[in-house]
Protein chains: 2
Amino acid sequence: MDFGEFREFGHASIEFIINYLSSIRERNVLSSVLPYDVINQLPRQIPEQPEHWRRILEDLEHIILPGLTHWQSPYFNAFYPSSTSAGSIIGELLIAGIGVLGFSWICSPACTELEVVVMDWLAKFLNLPQHFLHENEGPGGGVIQGSASEAVLVAVLAAREQAVRRLRLSQPELSESEIRGKLIAYSSDQSNSCIEKAGVLAAMPIKLLPAGEDLVLRGDALKHAIEQDVAAGLIPVICIASLGTTGTCAYDDIESLATICEQNDVWLHVDAAYAGGAFALEECSELRRGLERVDSLNFNLHKFMLVNFDCAAMWLRDANKVIDSFNVDRIYLKHKHEGQTQIPDFRHWQIPLGRRFRALKVWITFRTLGAEGLRAHIRKHIRLAEQFEDLVKADERFELIAPRALGLVCFRAKGDNEITSQLLQRLMERKKIYMVKAEHCGQLFLRFAVCGMDPKPSDIEFAWTEIESQLTSLCAEQQVNSRKAGELSELTHHLSGLHLTNETLQR
Amino acid sequence: MDFGEFREFGHASIEFIINYLSSIRERNVLSSVLPYDVINQLPRQIPEQPEHWRRILEDLEHIILPGLTHWQSPYFNAFYPSSTSAGSIIGELLIAGIGVLGFSWICSPACTELEVVVMDWLAKFLNLPQHFLHENEGPGGGVIQGSASEAVLVAVLAAREQAVRRLRLSQPELSESEIRGKLIAYSSDQSNSCIEKAGVLAAMPIKLLPAGEDLVLRGDALKHAIEQDVAAGLIPVICIASLGTTGTCAYDDIESLATICEQNDVWLHVDAAYAGGAFALEECSELRRGLERVDSLNFNLHKFMLVNFDCAAMWLRDANKVIDSFNVDRIYLKHKHEGQTQIPDFRHWQIPLGRRFRALKVWITFRTLGAEGLRAHIRKHIRLAEQFEDLVKADERFELIAPRALGLVCFRAKGDNEITSQLLQRLMERKKIYMVKAEHCGQLFLRFAVCGMDPKPSDIEFAWTEIESQLTSLCAEQQVNSRKAGELSELTHHLSGLHLTNETLQR
């Protein structure tokens, strides 16, 4: 493909995206395809000859788009948001066009240095403690990881290796494998699945401690567990707290957890994948309590900052603990300035060697929106969730299962789980809005998360009308059904009087 | 930013990329910035107000580009290629514009199904064994990982967990931590640093076995190590072979390694990050020998297939071994069709939960180039490396350190390491071409890798002229210096005869 064709294809793709995003409300958020529908429409091997870009865009329109779940639609209310923005989309275009990698400084100095800059921008925007800034003297700083899962795994693995080094000095009578066999980590039973998975991958059990009735994990639960485990000869390594949890966006109590961690030489990591965005708001300053006492922290930029996935910010109070744990060096990766400046070689801060120029899309997104625009976006999510919450509260057939938290409302139809379950099933079949369910203390509930690229109050109205009208229809049908069931039973009773056989009835 | 501005910014960015890539030869491949130069040109916090996209593109041009190492330049000859292409750049644009995630089928059915399709396309293109195809009955298939490092880590962790499960059954007298303490893995001392790192992360030592003089790891070395380790009570888990190695692109002997692995119930993984591209060529069919006997395999699409980083293909003979090892389930991630079809939920095949729609850029790149274009691209790299190899051979001041392998030529200036080291230093200071050094048996050598988006024979001429002319200047300067040194020593001798003090000489 020459540059002339590239230009045509590029410009046509920009138009394609504008057309897709500006008309996204016209599509059902969930697709109608069944498994294998997309596979069956595609050829079984690479075409031998090049194809014209127009055919590719046609197939994208007619085969791929109909098979998508539309994450940028305001009617996508599942999980948490994964939002993109104009600046971020163009950021990805430029990242791919420039095509550099940045695993060490020499690989592309601007790639590393821009990351240092935007991670400090973000830390200041979020009002994080000074020791997380690169520009601050000291071993702390921020890095972009691929995902929250990776950030958590990095913290877990670094904490594990640091504990092993520490124990080998303090208890030289133990072999390394004896030490490893005694390591134990903690999180809440409300935490994200990636935390449990990090424990599996790290071969270090993560105990999921019972959160309180309000779904908050507190220091006393951690203290109790550590006391038990230490008495049993185990070695506590790390506690992963959540701000907020995946199910209901509950906020673990960082202050009391930090106290226990400090007393027991336990690494405290905070998974603030979603709620971290609220650190930027003065009205949410309470959420930041205790952050000056944590060892590491992760926050997803696609959840509240309009930088598209993948882009997971992670801050470390002492990055040397990660570098020391993961560093495996080779001559072909060394460069002249390595280790002679405070500028990091980020390959030592992460699991993979290779790394994309993700700082570029962060830089572009932040500049196109400004700090003002970013704060306005987060506040909009909160306001829209308040709007939804009010609608739930005003309808006596529904109840909240937990207080609204930022852009998330957890609610259910009153009564037994079956109603909520059937309601969700209907909504999924109609495909107009997309929510997922979760469970707490035996109660099934629905999670309504404000998502999409540009949600508006009218979208909340739309979603609520869909939900409450479907509950109305569901109840009406159930009444009809139960009336029919009543009539049928009467009829059966009547017919049985006529001594008709089953076979006759079935005709 | 509204869609009107998005259109302007988008179209201007396409032009920016065309301008950058079409004039890339005019830039020095290495930048002239010193550490902190980029940082010092940028503000210390997010601008409060949104900025116009024109200012962003200006800063990109004047601050960022001058700080880059230009990976798409044909004068970038370091590491291995990380190439992009028009189709892949636009693929990234569309991925970001559509903005969906694909961690389970329901998340975006087309995202998962297109990945199933392109991974089968690629497996057929590379002539991989049938059991690696999704369309084949059985538990095998391909998945896109973020990087080769991740793919290797997935294989190492899955093999580890499978070994633990197996041993718990066969040796119930051992505790889990006793088993874990005895696990051991193998690779060659020529393998990529990410393999050693995978061992650190997995808390399972990876023994780097001595490759032969030809830098090839063979079954006998593995057999010897396994026998020793088993005798010492250790439990062999996995062997990671390389096709080819990072230093010289040597090909480990898969057949003989497979025999030893089969005899010892050891997982055999092949890291074919670079050389895997050659599986597509009939003239390289020998490289595929033994692949039908391996358990897993990884191959980077950015190295030979013009799909930009990140995109690392991985195939598993039995994906259930990974799923079984990593699966951590939650109600909010479940969906109706899960487990009821052969279509994978790829979140169980990888480390993170989230995943981008990378299959889209693969699909677009393959269609814009066709199988014919992809094969032609690989053959071009080989041809250009042959051209370079001939130039090295024709100059008696240089020698090859290993046979050319695909697009890589390893060579050095004859004589002691100091000449090669100084030559590289000069080349780095001049910034016209970028190579890295490596070492084998005490001999320092330079790696010339054909890279860049569109390298041509004239680029090879350019690089060679730069290299050989710098050796000429270096030698000339050294002769002058040694003459000067000779003169100085004569002068000193003469002056010392005059009984002058050092202080006088220094004036």
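Residues numbered from 1 in each chain as written. Chains lettered and ligands numbered in written order. Predicted model: local features only at pLDDT ≥ 70, side-chain atom pairs only at ≥ 80, totals over all residues. Heavy atoms only, no water.

In the nomenclature of an unreviewed UniProt entry, chain A is known as 3,4-dihydroxyphenylacetaldehyde synthase 2 isoform X1 of Drosophila hydei. For chain A, the Sequence similarities (unreviewed entry) comment in UniProt is given as "Belongs to the group II decarboxylase family." UniProt, in the comment section headed Cofactor (unreviewed entry), describes chain A in these words: "pyridoxal 5'-phosphate". (UniProt positions renumbered as here; feature names shortened; annotations may be inferred.)

(A) Quick look at the overall build of chain A. Check the secondary structure of chain A and you find 16 helices and 11 strands. The principal-axis extent of the C-alpha atoms belonging to chain A is close to 95 × 70 × 45 Å. A buried classification covers 63% of the 507 residues belonging to chain A. Taking all contacts inside chain A whose residues are at least 6 apart in sequence as the whole, residues at least 24 apart take part in 73%. When the accessible surface of chain A is totalled, it reaches about 18,500 Å², and 50% of it is carbon and sulfur. For chain A, the distance from the average position of its 51 positive side-chain charges to the average position of its 66 negative side-chain charges is 2 Å. (Helix = DSSP H or I, 4+ residues; strand = E, 2+ residues; numbered from the N terminus. Buried < 20%, exposed > 50% of the residue type's maximum accessible area, 1.4 Å probe, protein only. Contact = heavy atoms within 4.5 Å. Areas by Shrake-Rupley, 256 points an atom, 1.4 Å probe, with all protein chains shown as cover. Lys, Arg positive; Asp, Glu negative; His and termini not counted. Charge placed at Lys NZ, Arg CZ, Asp CG, Glu CD.)

(B) Just the sheet that holds strand S11 (residues 443–449) of chain B, in detail. Residues and elements named next belong to chain B. Taken together, four strands build an open sheet; the order of strands is S8-S9-S11-S10 and the sheet is antiparallel. What marks the edges here is a single partner per strand, and that holds for strand S8 (398–400) and strand S10 (436–440). On average, adjacent strands in this sheet sit at an angle of 40 degrees to one another, irrespective of strand direction. Relative to strand S9 (residues 408–413), S8 is paired through three bridges, and the arrangement is antiparallel. Looking at S9, one finds that Phe-398 is bridged to Ala-413. Sheet contacts for helix H13 (residues 359–394): S8, S9 and S11; angle to S9, the most-contacted strand, approximately 20 degrees. (Pairing = 2+ DSSP bridges. Axes fitted to C-alpha atoms, helices over the stretch in contact; angles between N-to-C directions.)

(C) How the structure looks around the UniProt feature "modified residue: N6-(pyridoxal phosphate)lysine" (unreviewed entry) in chain A. All names here are of chain A. Under the feature "modified residue: N6-(pyridoxal phosphate)lysine" (unreviewed entry), the UniProt entry names Lys-303. Accessibility expressed as a relative area gives 12% for Lys-303, which makes it buried. If we skip the residues at most four places from it in the chain, Lys-303 touches Tyr-80, Pro-81, Ala-273 and Tyr-274.

(D) A look at the interface of chain B and chain A. Facing 140 residues of chain B, the contacting portion of chain A comprises 140 residues. Summing both partners gives a buried area of about 12,900 Å² for chain B against chain A, and 69% of it is carried by carbon and sulfur. There are 12 salt bridges connecting chain B and chain A. For Glu-51 of chain B, the salt bridge is made with Arg-367 of chain A, and the minimal N-O distance between the two is 2.6 Å. Tallying contributions element by element places helix H1 (residues 3–22) of chain B first for the side of chain B that touches chain A, with 15 residues. Its residues assigned to classes, the side of chain B that touches chain A shows 80 nonpolar, 32 polar and 28 charged. (Buried area = accessible area lost by both parts, 1.4 Å probe. Salt bridge = Lys/Arg side-chain N within 4 Å of Asp/Glu carboxyl O. Nonpolar A, V, L, I, M, F, W, Y, C, P; charged D, E, K, R; others polar.)

(E) Molecular detail of the environment of Tyr-434 of chain A. Here Tyr-434 of chain A shows up in the loop between helix H14 (417–430) and strand S10 (436–440). A relative accessible area of 2% places Tyr-434 of chain A in the buried class. For the pair Tyr-434 of chain A and Phe-76 of chain A, spaced 358 residues apart in the sequence, the C-alpha separation amounts to 5.0 Å. Excluding anything up to four places from it in sequence, Tyr-434 of chain A contacts Val-29, Leu-30, Thr-69, Tyr-75, Phe-76, Asn-77, Ala-78, Phe-79 and Met-428 of chain A together with Ile-106 of chain B.

(F) Up close: the relation of the copies chain B and chain A. Of the two same-sequence chains, chain B is brought onto chain A (RMSD 0.1 Å, axial shift 0.0 Å) by a rotation of 180 degrees. The transformation relating the two chain copies, once decomposed into turn and shift, fits a two-fold axis. If distances are taken from each C-alpha of chain B to the rotation axis, the shortest is found for Leu-93 of chain B, at 2.4 Å. Mapped onto chain A, 100% of the interface residues of chain B are again interface residues, and the two copies thus contact each other with one and the same surface. (Least-squares fit on C-alpha atoms with pLDDT ≥ 70 in both.)

(G) Region of the structure containing the sheet that holds strand S6 (residues 296–300) of chain B. Residue and element names in this part refer to chain B. Across the sheet, which stays open at both edges, the seven strands sit in the order S1-S7-S6-S5-S4-S2-S3 with mixed pairing between neighbours. Two strands bound the open sheet, and with one partner strand each, they are strand S1 (141–145) and strand S3 (206–209). The mean inter-strand angle of the sheet, taken between neighbouring strand axes irrespective of direction, is 20 degrees. Relative to strand S7 (residues 312–316), S6 is paired through five bridges, and the arrangement is antiparallel. Looking across to S7, one finds that Phe-299 is bridged to Ala-313. In the packing of helix H8 (residues 193–202) onto the sheet, contacts are made with strand S2 (183–188), S3, strand S4 (235–242) and strand S5 (267–271), and the angle to S3 comes to roughly 155 degrees. Contacts from helix H10 (residues 254–264) reach S4 and S5, with the element oriented near 155 degrees to S5.

(H) The arrangement of the packing of aromatic side chains in detail. Summed over all chains, the structure comprises 34 aromatic pairs over all chains. Among the aromatic side chains, those forming a connected cluster through ring pairs are Trp-71, Phe-76, Phe-79 and Tyr-434 of chain A together with Phe-103 of chain B. Across from the ring centre of Tyr-80 of chain A, 4.8 Å away, lies the NZ or CZ of Arg-447 of chain A, which sits over that ring. (Phe/Tyr/Trp six-rings, centres within 6.5 Å; stacked < 30°, edge-to-face > 60°. Lys NZ or Arg CZ within 6 Å of the ring centre and 35° of its normal.)

(I) Here's a closer look at the domain arrangement of chain A. By the assigned domains, chain A splits into domain 1 (3–68) and domain 2 (100–356). For domain 1 of chain A versus domain 2 of chain A, the distance between C-alpha centres works out to 39 Å. (Domains from an automatic or database assignment.)

(J) Fine view of the confidence of the model for chain A. On average, chain A scores 94 in pLDDT, and the residues at 70 or more come to 96%. Below a pLDDT of 50 lies the segment residues 499–507 of chain A, which in the model reaches two contacts outside its immediate sequence neighbourhood of four places, other chains included. (pLDDT = per-residue confidence, 0-100.)

(K) The side chain of Thr-69 of chain B, seen in detail. Relative to the helices and strands, Thr-69 of chain B resides in the loop between helix H3 (53–64) and helix H4 (86–98). According to the relative accessible area criterion, Thr-69 of chain B is buried, its value standing at 0%. Not counting chain neighbours up to four residues away, the residues in contact with Thr-69 of chain B comprise Val-100, Ile-106, Cys-107, Ser-108 and Pro-109 of chain A together with Val-29, Leu-30, Phe-76 and Tyr-434 of chain B.

(L) Expanded view of the pattern of salt bridges. All told, the structure shown has 82 salt bridges over all chains when counted by the stated rule. A salt bridge links Arg-397 of chain A to Glu-468 of chain A, with the nearest nitrogen and oxygen atoms 2.9 Å apart. Linking Arg-397 of chain A in the loop between helix H13 (359–394) and strand S8 (398–400) with Glu-468 of chain A in helix H15 (residues 457–497), this pair joins segments that are 71 residues apart in sequence. What makes Arg-397 of chain A partly exposed here is its relative accessible area of 27%. Here Arg-412 of chain B makes a salt bridge to Glu-399 of chain B, at a shortest N to O gap of 2.8 Å. Here Arg-412 of chain B, found in strand S9, pairs with Glu-399 of chain B, found in strand S8; they are 13 residues apart in sequence, far enough to count as distant. By relative accessible area, which is 26% here, Glu-399 of chain B ends up partly exposed. Through salt bridges with shared partners, a single network forms among Glu-92, Asp-310, Arg-356, Arg-358 and Lys-361 of chain A together with Glu-92, Asp-310, Arg-356, Arg-358 and Lys-361 of chain B.

(M) Region of the structure containing the pairing of S9 of chain B. Residues and elements named next belong to chain B. Of all six residues in S9, six are buried; the element is thus mostly enclosed. With burial as the criterion, each face of S9 is covered, one bearing Leu-408, Cys-410 and Arg-412 and the other bearing Val-409, Phe-411 and Ala-413. Here S9 runs beside S11; their pairing, made up of four bridges, is antiparallel. Within the sheet, the bridge partner assigned to Val-409 lies in S11 and is Phe-448.

(N) Representation of the packing of helix H1 (residues 3–22) of chain A against H1 of chain B within the structure. Where H1 of chain A meets H1 of chain B, the axes come as close as 10 Å, and the angle between the chain directions of the two elements is 155 degrees. On the basis of the axis angle, H1 of chain A is roughly antiparallel to H1 of chain B. Seen from above, H1 of chain A lies across H1 of chain B with right-handed handedness. Facing H1 of chain A, whose interface residues are Phe-3, Phe-6, Arg-7, Gly-10, His-11, Ile-14, Glu-15, Ile-17, Ile-18, Leu-21 and Ser-22 of chain A, H1 of chain B presents Phe-3, Phe-6, Arg-7, Gly-10, His-11, Ile-14, Glu-15, Ile-17, Ile-18, Leu-21 and Ser-22 of chain B. Residue classes in the contact of H1 of chain A with H1 of chain B are distributed as 12 nonpolar, six polar and four charged. (Parallel < 35°, antiparallel > 145°, perpendicular 65-115°, else oblique. Left-handed = near helix turned anticlockwise from the far one by under 90°.)

(O) The packing of H4 of chain B against H13 of chain B, seen in detail. All names here are of chain B. One can describe the packing of H4 onto H13 by two numbers: an axis separation of 8 Å at closest approach and a directional angle of 150 degrees. In the packing of H4 onto H13, the handedness of the crossing is right-handed. Counting all contacts with H4, which are made through Gly-87, Ser-88, Gly-91, Glu-92, Leu-94, Ile-95 and Ile-98, the residues of H13 involved are Leu-360, Lys-361, Ile-364, Thr-365 and Thr-368. Partitioned by chemical class, the residues of the contact of H4 with H13 number five nonpolar, five polar and two charged.

(P) Representation of a negative patch on the surface in the model. Where like charges cluster on the molecular surface, the negative patch consists of Glu-173 and Glu-178 of chain A together with Glu-173 and Glu-178 of chain B. The class for Glu-173 of chain A is exposed, based on a relative accessible area of 58%. (Patch = residues over 30% accessible without salt bridge, like charges linked within 9 Å, V, L, I, M, F, W, Y side chains within 5 Å.)

(Q) Broad picture of the nonpolar core. Ranked by size, the top nonpolar core spans 376 residues in total, and within it Trp-315 and Trp-363 of chain A together with Trp-315 and Trp-363 of chain B carry the most contacts. When residues in this core are grouped by element, the largest group, 16 residues, is from H13 of chain A. Excluding residues that lie within four positions of it along the chain, Trp-315 of chain B makes contacts with Met-119, Leu-122, Ala-123, Leu-126, Leu-128, Phe-132, Gly-141, Gly-142, Asp-295, Ser-296, Leu-297 and Phe-299 of chain B. (Core = buried A, V, L, I, M, F, W, Y, C linked by side-chain atoms within 4.5 Å.)

(R) How the structure looks around unusual backbone geometry. Residues and elements named next belong to chain A. At the junction of Leu-243 and Gly-244, the peptide bond is cis and its omega measures out at -15 degrees in the coordinates. Along the chain, the position of Gly-244 falls in the loop between strand S4 (235–242) and helix H10 (254–264). With a phi close to 50 degrees, Phe-79 is a non-glycine residue in the positive phi region. When you line up the elements, Phe-79 lands in the loop between helix H3 (53–64) and helix H4 (86–98).

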